[in-house]
Structures are given as C-alpha cells and as structure tokens.
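Chain and residue survey
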Amino acid sequence: MVASFLPAAWVGALLLTRGTFSFTALAAKSPVKAMFGTAALATRAQRAEVDSVGDVPLVPRTNRTTIFNAGEVIVDPASQRKPMKVLFLSADTGGGHRASAESLAKQFLLHYPGSTYDLLDIWTDKSIAWPYRSIVNAYKHLSAHPRQWKFLYHLSNSRPYNFMMTRHAQLLSEKKIRRKIENYDPDVIVSVHPAMQLIPHISSRKMSKAKGKHIPFFTVVTDLASGHATWFIRDMEKMYLASDSLYRKARRRGRTPPEKIVMSGLPIRHDFAIQADALGDRTTPEGLSYQMSKKTELGIDPNKPMILMMGGGEGVGSLAKISEELYASMTNRGIDATICVVCGRNEKLKSELAEKDWDTVAKGAQNTKKGFFRRLFRRRSHNKVIEESLERAANEEEETVQTKGKVDVVGLGFVTRMAEYMVAADVLVTKAGPGTIAEAAAVGLPVMLTSYIPGQEAGNVDFVLEKGFGDFSKDPVQIGEEVALWLQDKGLMKTMSENARKAGNPNAAAEIVLDIGSQTQTWMALNEAGASSS
C-alpha cells in the first residue's frame, strides 16, 4: 500500500519556501528607475502616488478600488482598460480549481475586452522530474482511498516537510517550469492551486529580473476554509481568501502580510451572480415568486418544496440510499416534495431511480424517530439554531399522519443550468465541496452535507456549521429525517437562508478580477514606459 502512493507523498508537499526577491533589484536593471527611482517599484503605497508614466496617463489618486477595504490600488476606468494576457496555474486534482479559474477568466473577458487567457498545469509535462509529474494520477488514486489521502495530507502539511520538498522540486524542475511559463509571455499570473505557488512564483520573479519588467503574481485560494500549507507564501502581489479561518492560516503558516490579504469570498460561476441578483432574498414574497417561476420553467411542481441532491460530476456518493431515506421521511411525514438527484454521467443511477418501486421504499422504512433523536443529540457539532429546532421536534408528541406525502423523485443527467436549479431548490444535499457550498450560499440555499475529503474539505463542514446555514451527517436515515424536519420548520428555513446569504458573495469573481486587473494595468503602464525610455 505504501509503495502505491509514495510518489504522491512526494508530490503532496511541493511548495513552501521563502526565497527573496527585491523589486529594487528589478528597478536597478530597468529604465523605470531613471524615471521614478527604485522606491516607485518598492511598495504599493508609493506606486499609488504616480499620476503618469511618460505619456501614459494613470488614474487620479482619488479614483481607487478596494475589496472590503482590503487596500488601495490605482484603478483603471473602463475607457482606459487594455487587453491582458492572463496565465492561470492549476491542476486537475478535482474540478473546483479549474472551475474557479474559468469563473475568473469569464470576468477578465467581460471587464477587459480583448483579453486572452490560458490555463497551465506545470507538473503534468513529461519533462518535469518524477515524482512531481505524477500529481494528477496520484490524486485520482488517493481520492478513492480517503485514509491514504488523510495520512498524506497531514504529513505534508508541515513546514519542515514543505521546506525539504520545495528545495528538492526547485533543484530538479524550476528551470523547466520557468521555460514553460515564458512560452506564454503573460502580463499577469494567477495561481488557483496550492501546488502552483512557490516554485512558479520563484520562476516569475526570475523572469521579471531577466526581462527588466514586473510580471505580477496573484493567488486566489480556491479552498473555502481548510488550507494546506503550500497555499501560503509572503511575496505575491495579493492573496484572495474566502474565510477567517484561511486568514489565520495565511498569517500563521505563510507569514503573509495583512496588507497583501483580501477577504473576497470564493470565485464562483457568473450565472450565480445573475441569479442571485434576480432572486434577492428568497424568503421575501418577491424572492418566493421568482423561485416558483424557476421551478415552473424547469418543469418542477412550484407548489412543492424541492430537495436538490448532488454527488459530483460523476454522480458519486451514497445518492441512491440517501434518496430512499428522503423519500420515506417525506412520505411518512405527509410532506409533498420533489427530490431532484443530479446523477451526472452516472446513467446506471439515473435508470435505477426511474425504475425503483418507491411505494415499497416508503412501506419498508422503519420507524426510526426515537433512534434518530438519540443518535442526533450525541453529536455536538450542530449550529445552535438547528439544535433548538430539532429539540422542539423531539419534545413534540408524535402525531399520526393521516395522509401520506406525495413525493416525486427525478433523476437528472449532467446539469448545465445549476444556478437555476439551486434557485429553485429549498434544500441542497451534497458533499462538502468548497465551490458547491459557496454557490449555495450565494443564492441563500440551506445545505445538508453528507461527506467530505479528509484534510482539505474538513474545514468546509465547520464553515457551514459556524455560519448557521446547514448541518452534516453521514447517516442516510438521519439525513432523511432531519431534512424533513427542516421543511416543517419555516422559521428555521428562513434563518438558515438568511445566514447563507450573509456567508456568500455571488460577485466575488468580478471583484477579484477588477482588483487584479487594476494593479496589472498599472504595472503594464510602468513596464511600457520603462521599455520606451530605454
């Protein structure tokens, strides 16, 4: 077993060291120094005092942008924006990193017309030294073996291990990585993956020094709450984070200066910003009306609550068993509902749901109410509001349900209108993926989490519990019973929806891109002026 994942153990901790690079050194070789002195390139505060570079006008000092007051930079108004060549660094270790890159790329195209972008995975090229080129294949193996992954994650999540492996990776692969990045000749580099941090950052600084121009390097952390040590470095332009937990990790593990940290939220698909704006507060009459219109548009009964179930693009997880328990709980509690199961590419699951004898499922369900509450209160991780609701339900006298609930189960294939389905849903049942949680929060959707990848997704469960818009259980019976109780408690549903909206930021991708873009435009002007004066 050890031999099977040893290469991945080397890959797991590629990137944490603290090389030093001074913009003063860049300025010493650049003609920009003759115009502004080295201080013009040294700090953001001093750069903000520059009004023009030669004949290139910059923005007045009074026109600046911030994200949640994260620090002032020179802003580029739409009339002065130039196209940029954006290079994203990522890897296909799960779909979330690529999805975040694509959401950011969409915003670059919207706000900086004519811009182009590429997505580069530096570690999969055959020219990269083994074992580092095995990262994607190793992840596929480890994600199917959670215990091995957990061991590797925590082993590699330490400074000594990272220091050793970074030095090794730098010695074997940095020059090759630099050549790969140079081929793209980017104006800006954006890392959205923890394995694309320090070595590429070192390469970008060496490129800047050799070319006599600055290539800004930004980090967008695409984890929601858990952050591996390889994410956090000191000397990038800015780092964009989604939670206080990540902020504390950046300060403690990476010693990242607070002025370089932006609390932005997680970048999600542009469709969610559009739908969140149209929906508003789903608990208001206007929000409820828009939700019902979306249900009708998607062919879902608008008069029933809808539970949306997801297990990833392949339809993985215990979706079949959870759907049975949800069906039984809703039916036996007299709740009319629609259960939409996103099967993805799992055609077998979709067929099973269509062919299943659901009446037999409901009749065969055991009376688990007592056992449910007994097990429930042995867990101490609930949000207080949810606990109070469940306690009220436990103390109420059991009433005999005269009329069974009418429940429809719908198997969906690969969904392309996910934002609209989340607007139409009343509860989301899903694994603890960061992007899915952030998207649900953006549209005020309560969440029941059913599983998580050890290490990297464990903090996502805490995020949902602490923010008060969902719960976690691995037990399909508990999941079915608790979601049914949620739907019977309108006050709880309203509170969780409001909490979700507070935790989400549907416009995070746009805000991040505008902040990155404004700084990059400034550097492009400085670089252009320096080149023209040489």
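Computed from a predicted model, the values in this text were never measured in an experiment.

Criteria and cut-off values
Residues numbered from 1 in each chain as written. Predicted model: local features only at pLDDT ≥ 70, side-chain atom pairs only at ≥ 80, totals over all residues. Heavy atoms only, no water. Helix = DSSP H or I, 4+ residues; strand = E, 2+ residues; numbered from the N terminus. Buried < 20%, exposed > 50% of the residue type's maximum accessible area, 1.4 Å probe, protein only. Areas by Shrake-Rupley, 256 points an atom, 1.4 Å probe, with all protein chains shown as cover. Pairing = 2+ DSSP bridges. Axes fitted to C-alpha atoms, helices over the stretch in contact; angles between N-to-C directions. Contact = heavy atoms within 4.5 Å. Parallel < 35°, antiparallel > 145°, perpendicular 65-115°, else oblique. Left-handed = near helix turned anticlockwise from the far one by under 90°. Nonpolar A, V, L, I, M, F, W, Y, C, P; charged D, E, K, R; others polar. Patch = residues over 30% accessible without salt bridge, like charges linked within 9 Å, V, L, I, M, F, W, Y side chains within 5 Å. Salt bridge = Lys/Arg side-chain N within 4 Å of Asp/Glu carboxyl O. Lys, Arg positive; Asp, Glu negative; His and termini not counted. Charge placed at Lys NZ, Arg CZ, Asp CG, Glu CD. Polar contact = N/O pair within 3.5 Å; in protein donor to acceptor, adjacent residues only side chain to side chain. Core = buried A, V, L, I, M, F, W, Y, C linked by side-chain atoms within 4.5 Å. Phe/Tyr/Trp six-rings, centres within 6.5 Å; stacked < 30°, edge-to-face > 60°. Lys NZ or Arg CZ within 6 Å of the ring centre and 35° of its normal.

Before going further, it helps to examine the overall build of the chain. Helices and strands together make up the secondary structure of the chain, namely 23 helices and 16 strands. Counting the 534 residues in the chain, one finds 56% classified as buried. Working note: accessible area of the chain is about 23000 Å², and carbon and sulfur atoms make up 50% of it.

Taken in spatial order, the six strands line up as β13-β12-β11-β14-β15-β16 in an open sheet, and their pairing is parallel. In this open sheet, the two edge strands, each paired with only one partner strand, are β13 (407–412) and β16 (470–472). Strand-to-strand twist of the sheet, defined as the mean angle between neighbouring strand axes without regard to direction, takes the value 15°. When strand β14 (residues 427–430) meets strand β15 (residues 447–449), the two strands line up parallel, connected through three bridges. Looking at the pairing, V429 lines up with M448 of β15. Across the face of the sheet, helix α13 (residues 319–332) comes into contact with β11 (306–309), β12 (337–342), β13 and β14 while running at roughly 175° to β12.

The parallel open sheet is built from six strands, whose spatial order is β6-β5-β7-β8-β9-β10. Only two strands of the sheet have a single partner each, and these edge strands are β6 (116–120) and β10 (261–263). In this sheet, adjacent strand axes meet at a mean angle of 20° when their direction is disregarded. In the sheet, strand β5 (residues 85–89) pairs with β6 via five bridges, with the strands oriented parallel. When the sheet's bridge partners are listed, L89 is paired in β6 with L120. This element, helix α5 (residues 96–111), spans β5, β6, β7 (188–191) and β8 (217–220) of the sheet and lies at about 170° to β5.

Take the packing of α13 against helix α21 (residues 476–488) next. Where α13 meets α21, the closest approach of the two axes is 8 Å, and the angle between their N-to-C directions is 45°. In terms of orientation, α13 and α21 fall into the oblique class. Of the two possible hands of crossing, α13 and α21 adopt the one that is right-handed. On the side of α13, the interface is formed by K321, I322, E325, L326, S329 and M330, while α21 contributes P476, V477, I479, G480, E481, V483, A484 and L487. For the contact of α13 with α21, the residue count by class is nine nonpolar, two polar and three charged.

Together, R159, R234, R248, R252 and R255 make up a positively charged patch on the protein surface. By secondary structure assignment, the location of R248 is in helix α10 (residues 244–253). On the accessibility criterion, R248 (49% relative accessible area) is partly exposed.

Another aspect to go through is the environment of R282. Structurally, the position occupied by R282 is in the loop between α11 (270–279) and α12 (285–297). Separated by 215 residues in sequence, R282 and S497 place their C-alpha atoms 7.5 Å apart. In contact with R282, not counting residues within four places along its chain, are G287, L288, Q291, M422, V423, A425, D426, V443, G444, L445 and S497. Within polar-contact distance, the side chain of R282 engages the backbone oxygen of V443 at 3.0 Å.

For the structure on display, the rule yields 17 salt bridges. Measuring nitrogen to oxygen at the nearest pair gives 2.9 Å for the salt bridge that ties E439 to R269. You can see E439 sitting in helix α19 (residues 434–442) and its partner R269 sitting in the loop between β10 and α11, a full 170 residues away along the chain. By relative accessible area, which is 36% here, R269 ends up partly exposed. For E457, the salt bridge is made with K431, and the minimal N-O distance between the two is 3.1 Å. Here K431 lies in the loop between β14 and α19 and E457 lies in the loop between β15 and α20 (458–467), a separation of 26 residues in the sequence.

Once that is clear, we can look at the nonpolar core. In terms of nonpolar packing, the biggest core is built from 43 residues, with L308, M418, Y421 and M422 touching the most fellow members. Listing elements by their share of this core, those giving two or more residues are α11, β11, β12, α18 (418–424), α19, β15 and α20. Here this core takes six residues from α18, the largest share from any one element. Residues in contact with Y421, not counting those within four places in the same chain, are L298, I300, M306, L308, L412 and V415. In terms of nonpolar packing, the next biggest core, distinct from the first, is built from 34 residues, W358, V427, I479 and W486 among them.

Turning our eyes to something else, we now look at the environment of K356. As for its placement among the helices and strands, K356 is situated in the loop between α14 (347–355) and α15 (358–364). C-alpha of K356 to C-alpha of V409: the two residues are 53 residues apart in sequence and 9.7 Å apart in space. Excluding its chain neighbours within four sequence positions, the residues that come into contact with K356 are E324 and V361.

Taken as a whole and judged by the stated rule, the model has seven aromatic pairs. Note on F88 and F108: the rings are 6.2 Å apart at their centroids and 65° apart in plane angle, and the pair reads as edge-to-face. In this pair, F88 sits in strand β5 while F108 sits in helix α5, placing the two residues 20 residues apart along the sequence. The interplanar angle of 40° and the centroid separation of 6.3 Å between the aromatic rings of F108 and Y112 together place this pair among those described as tilted. Under the relative-accessibility criterion, F108 is labelled buried at 2%. The rings of F88, F108, Y112 and Y117 are connected pair by pair, giving a single aromatic cluster. Directly above the ring of Y112 sits R81, whose terminal nitrogen or CZ lies 5.1 Å from the centroid. The ring of W358 has K356 sitting right over it, with the charged end atom 5.7 Å from the ring centre.

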